[in-house]
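Residues per chain are reported as follows:
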Amino acid sequence: MAAQPTIRQIDGAPFAATLVAAPAANAVAFVLNARGVRNIWVTDSTQPNARQVTAFTQDDGQDLTSLAFSADGRTLYFVRGGGPNRAGETPNPTSDPAGAEEAIWRVRLDGTPATRLMEGSSPTPSSRGTSVAFLRRGAIWMASPSSGDSVRVSQLLRMRGSGGSLRWSPNGEQLAFVSNRGTHSFVGVYTLSSKALRWMAPSTDTDNAPVWSRDGSRLAFLRVPYAGRRLGFRATRSAQPWGIMVANAATGEAREVFRATAGRGSAYWAIVADNQLQWMAGDRIVFPWERTGWVHLYSVSANGGAAKELTPGNGEVEFVSTSPDGTRVLYNTNIGDIDRRHVMSVVADGSAAPVPTASGAHIAWSPVYSSQGSTYALVSDAKQPAHAAVLQTSRWNMLAPESMPADFPAASLVTPTAVSLRAADGVTSYGQLFLPPNAQPGKKYPTVIFLHGGSRRQMLLGWNYGAYYHHAYALNQAMALRGYIVLSLNYRSGIGYGMEFREALRQGATGGSEYGDVVAAAKWLGARPDVDRTRIGLWGGSYGGYLTAMGLTRNPELFKAGVDIHGVHDWNVGIQTFVPDYDVHANRLATRTAFLASPMAQVKNWRAPVLLIHGDDDRNVRFVETLTLIQQLRAQQVPVEQVVFPDEVHGFLRHESWMRTFEAAIDFFGRKM
Ligand SMILES: CSCC[C@H](NC=O)C(=O)N[C@@H](CO)C(=O)O
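Not measured: the values here are computed from a predicted model.

**Considerations on the site of the ligand**
Consideration 1: In the vicinity of the ligand there are 15 residues, among which G454, R457, Y469, S542 and N620 approach most closely.
Consideration 2: Take Y543: an N or O atom from its main chain is 3.4 Å from an oxygen atom of the ligand.
Consideration 3: Taken by itself the ligand offers 440 Å² of open surface, and the protein chains cover 91% of this.
Consideration 4: Its residues assigned to classes, the shell around the ligand shows 8 nonpolar, 6 polar and 1 charged.

Here you go:
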């Protein structure tokens, strides 16, 4: 009998991320994270086969992000390292005594080594010259060529607020940006020659997502009406309708060319794209809108008028990019295949129906056109982890096959199936069921329910496009290969199934209604002949840790053990992490509702053994959430085990952190289930 694949083998394939295309040279770049060692790979007109262009060698937890090509496609800028937490500390999960930094690097595609340029983030190369605008602690800076290979850096302008969304005009003479003022934001335009700054129709609202017209005379941007402080982790089904403004870049005067209608879609829901708005050929603006209850793309004239729906159907549009000539939009969607993602393209004026790219049981995201019109994407399926691919004769062909480890056990993995189930209140939720290979008829299996985080997430019928859930898929596979039935539950408040599912009533801090789906899953599993209902466990991270803890406090009769990774245990603490000035005394009813929807409200019921795992530089769920829970469980003599990662963040940056987590989880379930 073949040796059982280890979690290190199952989760040992490189994870592909951050696919970007250059404006020239047919160049495309992406990041491969190979067991924590992150490097950049490129393909271009000189060498169609992908090649590695950086030489990092350690699982050091220093992410590579914000890849951005120069205008000629011959130089790539990127950020190495992460941003500061509220204490100003950059992520340093190896506890390197030398510390860590967030810095902008440069690599030329001529084979010369990558070099560190300067501290900063958001490198934004000029659309014409060789300068690079970037951010440094919220201020806007510029790097310009100096003697030899060095650059001269200077702060471009001094302004209040925190800068972001840097956008060069087509002629490279102006820089548009967003100035975030906390309760509102403005769109500004800085002219290099005159050193003049002009605000675009400033108002009390939140202006963002600026995009230049193709002739550089105008700017479109989103305007979201001020709606007071948003506490998060609750449903938002409508709002004061958002709109699209078009401004004259020279005068700053602007007018509204589109406004969402009241009700469905009046609250803006973002796509994943370089720009939320795309200024296309024919002076049309493409934008996302949820008017039908699904996130679809629409197109409107920059002069106003009726918006035209480009992507009809029951499903969501998620990742969006555009063709260099501005005539086509490239996007991925689950329309027609709700538990996967497929790449489609559509003409920007809506004069023709969307066109599919490749067919098959795969998951494709981050699609881009190269400057010469080839289509690239990141792709996975039930057995093949995330990889970069090029579309050739309607098939996705891997760009770096040599990066796959020889011991990756693809053939041993199981193929999950889609299931759905109904909660006591009638709400349907969804999931992926992993059955142990060669399951024996009549045998009852131990079972775990995986609960994703977010909660605006969707688990799919294959390796997930998010790094966190790509890892989680590996553990679910490892548990199935070890003889567990695994149900990965897409509970309400997740994405992919429409606005009403995502904006489920009384969710999170307003009642925890999504926990009803967890109970329904346990009962649905318990009714299966192949499930041992006395051996059902829970595992999840963050929001999934919250639901794991909810199960172990609310229904100790249903669940035998749990693994809770950086879970939320008191919503009022969880909210305060994102809203530092959240006042628990401001609305006592809301505060009490939030507490009653938290595991800590019924922690006295907790009996089952639990493994708690947390990094102490967690910026999303404070370490104290686990400290207070352990303190209480110890007082109750509940069997609690722990794994702590000094200086690790929320989404573990080190591969070794994930491996230690998963090996501990497999061992814990083996002993407690
Ligand atoms: C107060 S709940 C925070 C949960 C957290 N959301 C944002 O950070 C979360 O679930 N994060 C990840 C999972 O690690 C996610 O998928 O967003």
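From this point on, the discussion continues.
**A closer look at the domain arrangement of the protein**
Consideration 1: What the domain assignment lists for the protein is domain 1 (1-151 + 387-413) and domain 2 (416-672).
Consideration 2: Measuring from the centre of the C-alpha atoms in domain 1 to the corresponding centre in domain 2 gives 31 Å.
Consideration 3: Contacts between the two partners involve 29 residues from domain 1 and, on the opposite side, 30 residues from domain 2.
Consideration 4: Roughly 2400 Å² of surface becomes buried between domain 1 and domain 2 when both sides are summed, with 54% attributable to carbon and sulfur atoms.
Consideration 5: Contact with domain 2 buries surface across domain 1, with I7, R8 and D11 losing the most and accounting together for 27% of the total.
Consideration 6: Where domain 1 touches domain 2, the interface holds 3 salt bridges.
Consideration 7: The partner of D59 in a salt bridge is R654, and the shortest N-O contact between them spans 3.7 Å.
Consideration 8: Along the contact surface separating domain 1 from domain 2 lie 15 residue pairs in polar contact (both at pLDDT 80 or more).
Consideration 9: Ranked by residue count, the leading element in the side of domain 1 that touches domain 2 is helix α1 (residues 7-10), at 3 residues.

**Overview of helix α9 (residues 655-672)**
Consideration 1: With 18 residues, α9 should cover 26 Å at 1.5 Å per step; its first-to-last C-alpha distance of 26 Å lies within 8% of that length.
Consideration 2: All of the buried residues along α9 are H655, S657, W658, M659, T661, F662, A664, A665, I666, F668 and F669.

**Regarding the environment of V531**
Consideration 1: Mapped onto the elements of the fold, V531 is located in strand β37 (residues 531-541).
Consideration 2: Note on V531: relative accessible area 1%, which makes it buried.
Consideration 3: Counting along the chain gives 87 residues from V531 to K444, while the straight-line C-alpha distance between them is 4.8 Å.
Consideration 4: Contact partners of V531, with chain neighbours within four places excluded, come to K444, Y445, T447, I485, L525, G526 and I536.

**Brief notes about the sheet that holds strand β27 (residues 342-347)**
Consideration 1: Reading across from one edge, β25-β26-β27-β28 is the order of the 4 strands in this open sheet, with antiparallel pairing throughout. Pairing within the sheet leaves two strands with one partner each, and these edge strands are β25 (317-322) and β28 (355-356).

**Examining empty space enclosed by the protein**
Consideration 1: Counting across every chain of the model gives 2 cavities of 30 Å³ or more.
Consideration 2: The space that makes up the largest cavity amounts to roughly 60 Å³.
Consideration 3: In terms of lining residues, the largest cavity is bounded by Q432, F434, F450, M459, L460, G462, N464, Y469, A472, Y473, N476 and S488.
Consideration 4: At the level of elements, β34 (428-434) and α2 (467-481) are the ones that each hand at least two residues to the lining of the largest cavity.
Consideration 5: By volume, the second largest cavity is sized at about 50 Å³.
Consideration 6: Lining the second largest cavity are P14, L32, A386, H387, A388, M398, A400, S403 and M404.

What counts as what
- Residues numbered from 1 in each chain as written.
- Predicted model: local features only at pLDDT ≥ 70, side-chain atom pairs only at ≥ 80, totals over all residues.
- Heavy atoms only, no water.
- Near = heavy atom within 4 Å.
- Polar contact = N/O pair within 3.5 Å; in protein donor to acceptor, adjacent residues only side chain to side chain.
- Areas by Shrake-Rupley, 256 points an atom, 1.4 Å probe, with all protein chains shown as cover.
- Nonpolar A, V, L, I, M, F, W, Y, C, P; charged D, E, K, R; others polar.
- Domains from an automatic or database assignment.
- Contact = heavy atoms within 4.5 Å.
- Buried area = accessible area lost by both parts, 1.4 Å probe.
- Salt bridge = Lys/Arg side-chain N within 4 Å of Asp/Glu carboxyl O.
- Helix = DSSP H or I, 4+ residues; strand = E, 2+ residues; numbered from the N terminus.
- Expected span 1.5 Å × (residues − 1).
- Buried < 20%, exposed > 50% of the residue type's maximum accessible area, 1.4 Å probe, protein only.
- Pairing = 2+ DSSP bridges.
- 1 Å grid on protein atoms, 1.4 Å probe; cavity = no way out; pocket = protein on both sides within 12 Å on 5 of 7 lines; lining within 4 Å.
- Points joined across faces, edges and corners; volume = space filled by probe spheres on them.

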